[in-house]
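So the chains spell out like this:
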Protein chains: 2
Amino acid sequence: MNQTGILTTAACLAAALFTASAQAADPAAGKTQYEATCAACHGANGISVAPVYPNLGGQKEEYLVAQLKAFRDGSRKNDIMQPQAQGLNNTQIANLAAYLEAAAKLR
Amino acid sequence: MNQTGILTTAACLAAALFTASAQAADPAAGKTQYEATCAACHGANGISVAPVYPNLGGQKEEYLVAQLKAFRDGSRKNDIMQPQAQGLNNTQIANLAAYLEAAAKLR
């Protein structure tokens, strides 16, 4: 393998590792964050205590990620959620969504 | 009671009756509508079968009403939901929300 080949292989490996780590959400970190910032309105385990706030427990992870990003970029408007979401990076959003999907079950 | 008094009393009674009937949602009608128009994406009993579509079963009735109205008036943007919601009147929205809140339970 020549030097270009080695560099290409190394770059591919690094990209693969980065992708894997970017995709592995951490539900425990999401739970800590949720309890500190979200539970006051959305309730323990994502079961909301007020009819105006949606339940989030058991909700689809992919949908939750999309909505938090939409609040963050302003494409979904909400005066409470926009500033909350603007404080979150992609990893925190992924962690929250992974925690919430598993936090409660719909039957 | 003079004629104005009688008319005022009658108008108040009519308003009270109208308010009562406007508030009594019909979950059975909501279920029929849901199964015809919503279940293809949001699933039986509001448990969605695709990660991009939210679960709606067990969701807060008041929140569901607010979101359907927001899709209808365009304040919440979604290319699929906007035309769907524009076909619904307030009674149909109330019926759908009443059905969905009771359709599944979060545990």
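Residues numbered from 1 in each chain as written. Chains lettered and ligands numbered in written order. Predicted model: local features only at pLDDT ≥ 70, side-chain atom pairs only at ≥ 80, totals over all residues. Heavy atoms only, no water.

1. Notes on the overall build of chain A
Quick note on the threshold: Secondary structure counts use DSSP, requiring at least four H or I residues in a row for a helix and at least two E residues in a row for a strand, with both numbered from the N terminus. Classification of residues uses two cut-offs on accessible area relative to the type maximum, computed with a 1.4 Å probe and protein chains only: under 20% is buried, over 50% is exposed, and between them is partly exposed. Contacts are assigned to residue pairs that have any heavy atoms within 4.5 Å of one another. Per-residue accessibility takes into account occlusion by the displayed protein chains alone, with areas from the Shrake-Rupley method and a 1.4 Å probe.
From N to C terminus, chain A includes 6 helices and 0 strands. Walking chain A from its N terminus toward its C terminus, one meets helices and strands in the order α-α-α-α-α-α. Out of the 107 residues belonging to chain A, those deemed buried represent 36%. In chain A, of all internal contacts separated by at least 6 residues, the share reaching a separation of at least 24 is 55%. Total accessible area computed for chain A in this model is approximately 6,300 Å², and 60% of it derives from carbon and sulfur atoms.

2. Quick word on the interface of chain A and chain B
Note the cut-off: The quantity reported as buried area is the accessible area (1.4 Å probe) lost by two parts once they are put together, taken as the sum for both. Any Lys or Arg side-chain nitrogen located within 4 Å of an Asp or Glu carboxyl oxygen qualifies as a salt bridge. We call two N or O atoms a polar contact when they sit within 3.5 Å, provided that within protein one can donate a hydrogen and the other can accept it, with sequence-adjacent residues counted only if both atoms are side-chain atoms. All amino acids are sorted into three groups, where Ala, Val, Leu, Ile, Met, Phe, Trp, Tyr, Cys and Pro are nonpolar, Asp, Glu, Lys and Arg are charged, and the leftover types, Gly among them, are polar.
Each partner contributes to the interface: chain A provides 22 residues, whereas chain B provides 22 residues. The largest contributions to the chain A side of the interface with chain B come from Lys60, Leu106 and Arg107 of chain A, which together make up 31% of the buried area. Taken together, the connections running from chain A to chain B amount to 0 salt bridges. Where chain A touches chain B, the interface holds 14 residue pairs in polar contact (both at pLDDT 80 or more). Among the residues forming the side of chain A that touches chain B, the class breakdown is 9 nonpolar, 7 polar and 6 charged.

3. Overview of empty space enclosed by the protein
Short version of the rule: The rule is simple: put a 1 Å grid over the protein atoms alone, call a set of points where a 1.4 Å probe fits but cannot get out a cavity, call an open set with protein on both sides within 12 Å along at least five of seven lines a pocket, and count a residue as lining if it has an atom within 4 Å of a point. Grid points are joined across faces, edges and corners, and a volume is the space filled by probe spheres set on the points.
Inspection of every chain in the model, using the stated rule, returns 1 cavity of 30 Å³ or more. Its volume calculated, the largest cavity comes out at about 50 Å³. Lining the largest cavity, in full, are Asn55, Gly57, Gly58, Gln59 and Leu106 of chain A together with Asn55, Gly57, Gly58, Gln59 and Leu106 of chain B. By residue class, the composition of the lining of the largest cavity is 2 nonpolar, 8 polar and no charged.

4. Concerning the pattern of salt bridges
Residues and elements named next belong to chain A. Tallying each qualifying case throughout the model produces 2 salt bridges over all chains. Residue Glu35 pairs with Lys31 through a salt bridge whose shortest N-O separation is 2.7 Å. On the criterion of helical spacing, the pair formed by Glu35 and Lys31 is a turn pair, its members being 4 residues apart in helix 2 (residues 27-37). In this structure Glu35 comes out as partly exposed when scored by relative accessible area, which is 46%.

5. Thoughts on the confidence of the model for chain A
What counts, and what does not: Note on scores: pLDDT gives the predictor's confidence for each residue, bounded by 0 and 100.
Residues at a pLDDT of 70 or more form 79% of chain A, whose mean pLDDT is 87. This prediction of the complex comes with two scores: 0.80 for pTM and 0.79 for ipTM.

6. What about the relation of the copies chain A and chain B?
Counted only if it meets this: When the copies are superposed, the least-squares fit draws on C-alpha atoms of residues that have pLDDT of at least 70 in both.
Under the fitted operation, chain A is carried onto chain B by 0.0 Å of movement along the axis and a turn of 180°, and the coordinates agree to an RMSD of 0.0 Å. The superposition of one copy onto the other is thereby described by a two-fold rotation axis. Considering only C-alpha atoms, the part of chain A nearest the rotation axis is Leu106 of chain A, at 2.2 Å. Counting the interface residues of chain A, we find that 100% of their copies in chain B are interface residues as well, pointing to one common contact surface.

7. Things to note about a positive patch on the surface
For clarity, the threshold we go by: The patch calculation keeps residues exceeding 30% relative accessible area without a salt bridge and links them within 9 Å when they carry like charges or within 5 Å when they are nonpolar (Val, Leu, Ile, Met, Phe, Trp, Tyr). Counted as positive: Lys and Arg. Counted as negative: Asp and Glu. His and the chain ends are not counted at all. To locate a charge, take NZ of a lysine, CZ of an arginine, CG of an aspartate or CD of a glutamate.
Together, Lys105 and Arg107 of chain A together with Lys105 and Arg107 of chain B give the surface a local cluster of positive charge. Tracing the backbone through its elements, the reader meets Arg107 of chain A in the segment after helix 6 (90-103).

8. A closer look at unusual backbone geometry
The backbone phi angle of Asn45 of chain A is positive, close to 60°, even though this residue is not glycine. The class for Asn45 of chain A is partly exposed, based on a relative accessible area of 38%.

9. Let's talk about helix 6 of chain A
Residues and elements named next belong to chain A. Keep this limit in mind: Helix span, expected: 1.5 Å multiplied by one less than the number of residues in the helix.
Given a rise of 1.5 Å per residue, 14 residues ought to cover 20 Å, and the 20 Å separating the end C-alpha atoms of helix 6 matches this to within 8%. Within helix 6 the residues assigned to the buried category are Ile93, Ala94, Asn95, Leu96, Ala97, Ala98, Tyr99, Leu100 and Ala103. Looking at the buried residues of helix 6, the elements they touch are helix 2 and helix 4 (61-73). The N-terminus of helix 6 is capped by Asn89, whose side-chain oxygen sits 3.1 Å from the backbone nitrogen of Thr91.

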